[in-house]
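# What the coordinates show
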Amino acid sequence: MAQVDSSGGIGIAVDVDDVVKRYGTLTALHGVSFDIRDGEFFTLLGPSGCGKTTLLRCIAGFEEVSGGAIRLHGEDIARLPPHRRQVNTVFQQYALFPHMDVLANVMFGLLRRGWTRRDATARAREVLALVRLADFAERRPAQLSGGQQQRVALARALAPGPQVLLLDEPLSALDLKLRQAVRVELKQIQRETDIAFVFVTHDQEEALTMSDRIAVMSDGRVQQIGTPREVYEAPVNRFVAGFIGETNLLDVAIRSVDGSRAEVLLPGGRPFACAAAAPVAAGPGHLSVRPERIELVAAGEGDLTATVRDHVYLGTDIQLHARLADDEAVVVRIQNAAGSAIPERGAEIGLKLEAGAARLLTD
Amino acid sequence: MAVATDLRRFAGFRAMTVLCLVVLYAPLIIVAIYSFNASSSITRWGGFSFKWYVDVFTGPEAPKFRQAAINSFAIATGAALLSTAFATAAAVAMSRAGRFRGKVASLALINLPLMVPEIVTAVASLVFFITIGFTTGLMTIFIAHIVFCIPFAYLPISARMQGVSDIYEQAAMDLYATPWQAFRLILLPLMAPGILSGFLLAFIISLDDFLITNFVKGAGVETLPTAIFGSVKQGIKPNIMAISTLLLCVSVVFVTLSWIIGRAGQSRK
Ligand SMILES: Nc1ncnc2c1ncn2[C@@H]1O[C@H](COP(=O)(O)OP(=O)(O)OP(=O)(O)O)[C@@H](O)[C@H]1O
Ligand SMILES: [Mg+2]
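Residues numbered from 1 in each chain as written. Chains lettered and ligands numbered in written order. Predicted model: local features only at pLDDT ≥ 70, side-chain atom pairs only at ≥ 80, totals over all residues. Heavy atoms only, no water.

Our focus in this paragraph is the site of ligand 1. Residue and element names in this part refer to chain A. In the vicinity of ligand 1, 13 residues are found, and the nearest of them are S48, G49, K52, T53 and T54. At a separation of 2.7 Å, an oxygen atom of ligand 1 approaches a polar backbone atom of G49. Within the backbone of G51, an N or O atom sits 3.0 Å from an oxygen atom of ligand 1. Relative to its unbound accessible surface of 640 Å², ligand 1 loses 60% to contact with the protein. If you list the elements that add at least two residues to the shell around ligand 1, you get β2 (26–37) and α1 (52–60). Among the elements that line the shell around ligand 1, the one with the most residues is α1, at 3 residues. Looking at side-chain class alone, the shell around ligand 1 contains 5 nonpolar, 6 polar and 2 charged residues. (Near = heavy atom within 4 Å. Polar contact = N/O pair within 3.5 Å; in protein donor to acceptor, adjacent residues only side chain to side chain. Areas by Shrake-Rupley, 256 points an atom, 1.4 Å probe, with all protein chains shown as cover. Helix = DSSP H or I, 4+ residues; strand = E, 2+ residues; numbered from the N terminus. Nonpolar A, V, L, I, M, F, W, Y, C, P; charged D, E, K, R; others polar.)

So, about the domain arrangement of chain A. Assigned domains of chain A: these are domain 1 (12–233) and domain 2 (247–361). Spacing between the C-alpha centres of domain 1 of chain A and domain 2 of chain A amounts to 39 Å. (Domains from an automatic or database assignment.)

Residue and element names in this part refer to chain A. The strand order across the open sheet formed by 4 strands is β2-β1-β4-β5, and the pairing between neighbours is antiparallel. The sheet terminates laterally at β2 and β5 (75–76), the two strands that pair on one side only. The sheet contact formed by strand β1 (residues 12–23) and strand β4 (residues 67–72) spans 5 bridges and is antiparallel. Of the residues in β4, the one forming a bridge with D17 is A69. Sitting on the sheet, α1 is in contact with β1, β2 and β4, with an inclination near 65° to β2. (Pairing = 2+ DSSP bridges. Contact = heavy atoms within 4.5 Å. Axes fitted to C-alpha atoms, helices over the stretch in contact; angles between N-to-C directions.)

Listed below in structure tokens is the structure:
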């Protein structure tokens, strides 16, 4: 359902343009901007209180923006009431109408848009079949399990064929097992319907596994937008590096810069060549290295020398907590394969950083 | 349960309970029993009979009681309907309009009639009607009843509203419902148990009212309570007991209904 917007560009479903939201003296969104493409699974990821829900409510129309524009296929909707926006929401608590059965819930939006009762019934049954709830049409929401309610909420929001679907932590009320199954299912439904999804979560694993692109937010600002791979492997700052996955942030001194590459001095004094996230100048910096991108070598070899403090058994992996000479903590993940030697507590070890997997960050 | 606050451990608890129940209910039970008395004494039992019930509908006072009953039920129905409508609007405003100026004052004003001694309201109403030159009669009773029923209707409605999250209306508007449709199709059905409960309560309060009615009713206009009072002044006959018992039954039915509906709504959330 790709549509052509007024500016002639194809495929931008939602254009969030410098949106500001203030609650009295508190600024919840400081000029947030991004584009969401047609058919894209777009995730807003960030810690609690960073403004994800606020942003979603601004797009849906439940909050009035204090500044900026929100364009839906080119049309500015930022000042329209919710019922005039072709945007549907899957609420965190589902908000299924308790006095209506499942079918009536799914038909609700269709009837408001002027569908005849007959067409609406047929369409609702079709969408219920899509979420595999065809046999539950006559039940009341209270007679469904949490996972089933979640799918009704999804069906209800999908039925009118919105230009974009907003989902506010739709999986957070489900238990872990179910959550993982629903992730796959949700992604599948998104592909089949080809509707742009804006998915809010504070669960980085959810974001990484489901999204086409992720916007990492903190404190009402977008920190980075990119594919899961980009934000994981090429974080632009310490917040993104630390929030998505685990990382080691080593204090380094930047010695020389050559375009996007730099040479730094590691703790312990050895030089190391790495990629920089942003243009840098000589001075202090932080090197982000994922625990699984560090190799154990004999003491004295490699880039760093450390002392083992503890190990944590994780099944497939073993997590090694070590300290550098200057007491900086380093975490290393080694595969729990046959024959992999686990150094004792207190042992001296050498650490080799995988070239190309370390990123130099300045903020 | 908390054992420490188990009232049963207090000395004299049982005796006190029994005493309260007897004082409260013995008169009602006696009235109900003696309404079936075959003799015309109100203190001596002369065998079981329905004759006083027959007397209520066909006896010499029947036309008076019939007219009074018609007035009472018409006023109670109308007053309950209108006061419930006002109370519903007030409850919606209180819980959905966010914070507005004078919100606390409005809440106090809605509930004030519950605190003001009824006799004061009665006198004030009469003075008010005389001042504006309104001739007393059915209409004045009707207006007075609407007003003092509002807080009674408001209580169960607003209690119900506390439990209805505004997320349902948001979901409705998200699904293209106009604010009015969201109210009519979502909020109103969800509030319905509270509204019905409020209506029944207002109805029974209006049906029962004597004091205010007695002040603002014009000469010759009677409702059931004032008609009963008028009859009693000329001596208590068992037909009064019969009509009181009937009124009691109506009250019990309505209050029970109101309670059941309120509770059913609660458990359905
Ligand atoms: N109605 C409101 N009035 C005042 N402040 C608000 C309101 N709604 C949200 N905020 C504030 O705005 C900020 C962002 O809140 P928001 O609900 O968008 O966070 P979130 O990212 O969705 O967090 P979570 O993951 O916990 O849901 C918070 O500091 C919050 O306290
Ligand atoms: Mg939130």
